[in-house]
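Chains, contacts and geometry: an overview
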Amino acid sequence: MARKQISLLTRMHQLLVRALAWPPLFAFLPAISLMVFWFGGERALIMISALLPLIYLASGRMQKGFFYPRDAISGLLQRSAFEDLVEQTYLAVQAKGQNAAILCVALDEYDQVVDRYGQSAADLVVRRVGERMASALRADDAIGQYDEAQFAICTSSVRQLDLELCIQLAGRIQTAIEDPVSVEGFSIYVSASVGFCHIKRAPGTSGAAWLDAALIALQDAGRHAPSAIRAYSDQMKKETRTRAELREEVAAALEAGQIQPWFQPQISTDTGQITGFEALARWSHPIRGLISPAEFLPAIEEAGLLERLAEVMMYHAFAALKAWDGASLDVPQVGVNFAGSELNNPRLTEKIKWELDRFDLTPDRLAVEVLETVVANSPDDVITRNINALGQLGCRIDLDDFGTGHASIASIRRFSVSRIKIDRSFVMKADRDPEQQRMISAILTMAERLGIETLAEGVETVGEHVLLAQLGCDHVQGFGIARPMPFEQTLDWITRHTAKLEDVPRIMDGKGK
């Protein structure tokens, strides 16, 4: 019903604009004025003189979506209203032979913002993001609230707008969004991924098809988040169709060895030495190439194969440890992620013990990585018994994504946590934000008092690395150190990293972490 009303309003607006923009109308204005005065007198003439400018003003405001329904939180156009404006813009641009683009924007890891700061703070972030995007755009560009943390922008019709300008606009929007949002004394950092479609590349012959293309580009950007930008291409549509096929292939891929761990190094902030690797699942598809976890992990979960994935990851992680030992390379441990479904297996401890014996490895070579949300939400059940049994066996227990799951100090002690991994949301821009520094210092102080080691995830810059070392964080991991790599590349990386450390003069002896 609301959509029909909006469409009717659009048609009325278009008729009004056409009538007011009709050039011969101005030739008839004197005659119209004389007729009004003749039949209505002086008052009628004054009234018409006052109403005519308002009518012109209303037509302009309607063109910018002024009278369309808006979201209660962000103040941006509602989804149905935005879609109607897209259709209007599509027809206008095609008629004029000009250019326009739709950009879809999604906040990265918005759920973590809600978990960490609460829904009211997250709503304020959404409102500020909407305001900042509006300030980065022209007055005639339309912005819609497309989902809780998803926005859509439709630029107005212009003569010059190519792919490069679209990318620059997307970058300008990202920069505006990434400035911290102050909420009750806290600085909240968010990033955004952007997918866009230029009208000349839009499939189909409607505004709806144009908008769908931009959303497909956003999905692709989300798979490469954070802060990714993707332009729509026909290949993306093909990939969307083939994604459903992945669910059918994933079981065979696990058994065929196509899904294996890639390894991301973790190093000591004190000595620079390698203190371990984290095993991260990657799918090397024979036709599609490398597939990101964001694409295939949901398919594995839907197929009920998460436990089988953990077995595959653990087998290859242990094989990598033996290969590093055989090459006389010092890698103390490997971290393997275990989700709630794997931890619910009553025989998990026996299975891990058997695998360790099979590879002749001691339990301390395995770091069992458990999400903080799993620890925070686990009562005294199978998960609790498994984690504690693995700790008693000698495995290290790493609490992953710390700061996002509300785990209490009692939970940390109850699960015999060896190390907490500080989530990247705390690390991002920490070298420039005093508030981030205070949060990290508080976590490090707590960990020190509890006798627990710390590792910072998502370290991307030298400044962040240096700051974390100064604050006393024990280990770091992230793109600033090295990206995840297949096992074969780790051999050369370890050799180069060790040689680089030997070339650095030692100013003072460090304490091994």
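Residues numbered from 1 in each chain as written. Predicted model: local features only at pLDDT ≥ 70, side-chain atom pairs only at ≥ 80, totals over all residues. Heavy atoms only, no water.

What follows deals with the overall build of the protein. Across its full length, the protein holds 19 helices and 16 strands. Residues counted as buried form 47% of the 513 residues belonging to the protein. Partitioning the intrachain contacts of the protein with sequence separation of at least 6 by distance along the chain shows that 70% fall at a separation of at least 24. Here the protein has roughly 25,200 Å² of accessible surface; of this, 55% comes from carbon and sulfur atoms. (Helix = DSSP H or I, 4+ residues; strand = E, 2+ residues; numbered from the N terminus. Buried < 20%, exposed > 50% of the residue type's maximum accessible area, 1.4 Å probe, protein only. Contact = heavy atoms within 4.5 Å. Areas by Shrake-Rupley, 256 points an atom, 1.4 Å probe, with all protein chains shown as cover.)

The subject of this paragraph is the pairing of strand β1 (residues 101-107). Within β1, seven of the seven residues are buried, which leaves it mostly tucked inside the rest of the structure. Here β1 shows a buried face lined by A101, L103, V105 and L107 and a second buried face lined by I102, C104 and A106. In terms of strand pairing, β1 meets strand β6 (residues 192-198) through seven bridges, oriented antiparallel. Directly across from C104, in β6, lies its bridge partner G195. As paired elements, β1 and strand β3 (residues 150-154) share five bridges and run antiparallel to each other. The residue of β3 that forms the bridge with C104 is A152. (Pairing = 2+ DSSP bridges.)

This next bit is on unusual backbone geometry. Cis geometry is adopted by the peptide bond preceding P226, which originates at A225 and carries an omega value of 5 degrees. The phi angle at S328 is positive, at roughly 60 degrees, despite the residue not being glycine. As for its position among the elements, S328 is in the loop between α10 (306-326) and β11 (334-337). A positive phi angle, near 60 degrees, is found at K429, a position not held by glycine. Within the fold, K429 resides in the loop between α16 (424-427) and α17 (434-450).

On to the pattern of salt bridges, then. Counting across every chain of the model gives 20 salt bridges. A salt bridge links R424 to E109, with the nearest nitrogen and oxygen atoms 3.2 Å apart. One end of the pair, R424, is in helix α16; the other, E109, is in the loop between β1 and α4 (110-117), with 315 residues separating them in the sequence. Between E131 and R128 there is a salt bridge, and its shortest N-O distance comes to 3.5 Å. (Salt bridge = Lys/Arg side-chain N within 4 Å of Asp/Glu carboxyl O.)

Position of Y117 relative to the elements: it lies in helix α4. Those residues in contact with Y117 that sit more than four places away from it in its chain are F186, S187 and I188.

A separate point is the nonpolar core. Of all hydrophobic cores here, the largest spans 73 residues; its most connected members are I259, W324, F338, I352 and W493. Among the nonpolar cores identified, the runner-up in size contains 34 residues, and L124, V125, I173 and A192 belong to it. (Core = buried A, V, L, I, M, F, W, Y, C linked by side-chain atoms within 4.5 Å.)

It is worth spelling out a negative patch on the surface at this point. Where like charges cluster on the molecular surface, the negative patch consists of D111, D115, D147 and E148. A relative accessible area of 56% places D111 in the exposed class. (Patch = residues over 30% accessible without salt bridge, like charges linked within 9 Å, V, L, I, M, F, W, Y side chains within 5 Å. Lys, Arg positive; Asp, Glu negative; His and termini not counted. Charge placed at Lys NZ, Arg CZ, Asp CG, Glu CD.)

The element strand β13 (residues 396-402) is largely enclosed, with a buried count of six among its seven residues. Summarising the sheet, strand β12 (residues 366-371) and β13 pair through five bridges and their orientation is parallel. Of the residues in β13, the one forming a bridge with E369 is D398. Relative to strand β14 (residues 419-422), β13 is paired through three bridges, and the arrangement is parallel.

The contact between helix α5 (residues 119-136) and helix α6 (residues 163-178) brings their axes to 9 Å, and the two run at 140 degrees. By the angle class used here, α5 and α6 are oblique. In terms of crossing hand, the pair formed by α5 and α6 is right-handed. Within the contact between the two elements, α5 uses V129, R132, M133 and A136 and α6 uses L169, R172, I173, A176 and I177. Here the contact of α5 with α6 is composed, by residue class, of seven nonpolar, no polar and two charged. (Axes fitted to C-alpha atoms, helices over the stretch in contact; angles between N-to-C directions. Parallel < 35°, antiparallel > 145°, perpendicular 65-115°, else oblique. Left-handed = near helix turned anticlockwise from the far one by under 90°. Nonpolar A, V, L, I, M, F, W, Y, C, P; charged D, E, K, R; others polar.)

Once that is clear, we can look at the sheet that holds β1. In space, the five strands of this open sheet follow the order β2-β3-β1-β6-β7, with mixed pairing throughout. Of all the strands in the sheet, the pair left with one neighbour each is β2 (142-147) and β7 (229-231). Between one strand axis and the next, the sheet turns through 20 degrees on average, direction left out of account.

We now examine the packing of aromatic side chains. With the rule as written, the count across this model stands at nine aromatic pairs. Measuring from centroid to centroid gives 6.4 Å for F263 and F277, while their planes differ by 90 degrees, and the two rings are edge-to-face. Here F263 is found in strand β8 (residues 259-268), whereas its partner F277 is found in strand β9 (residues 274-285), with 14 residues between them in sequence. Residue F263 shares its accessibility class with F277, and that shared class is buried. Between F277 and W324, the ring centres sit 4.9 Å apart and the planes meet at 20 degrees, which makes this aromatic pair stacked. Of the two residues, F277 sits in strand β9 while W324 sits in helix α10, which places them 47 residues apart along the sequence. (Phe/Tyr/Trp six-rings, centres within 6.5 Å; stacked < 30°, edge-to-face > 60°.)

With that out of the way, let us pick up the environment of L309. The topology assignment puts L309 in helix α10. In this structure, L309 is in contact with L254, I259, A281, L297 and I300, ignoring residues within four places of it in sequence.

Here we come to the side chain of D141. Turning to its location among the elements, D141 is positioned in the loop between α5 and β2. Taking the relative accessible area as the measure of exposure, D141 reaches 10% and is therefore buried. Only 3.0 Å separates the side chain of D141 from the side chain of R138, close enough to count as a polar contact. Looking at D141, its side chain comes within polar contact range of the main-chain nitrogen of S156, at 2.9 Å. (Polar contact = N/O pair within 3.5 Å; in protein donor to acceptor, adjacent residues only side chain to side chain.)

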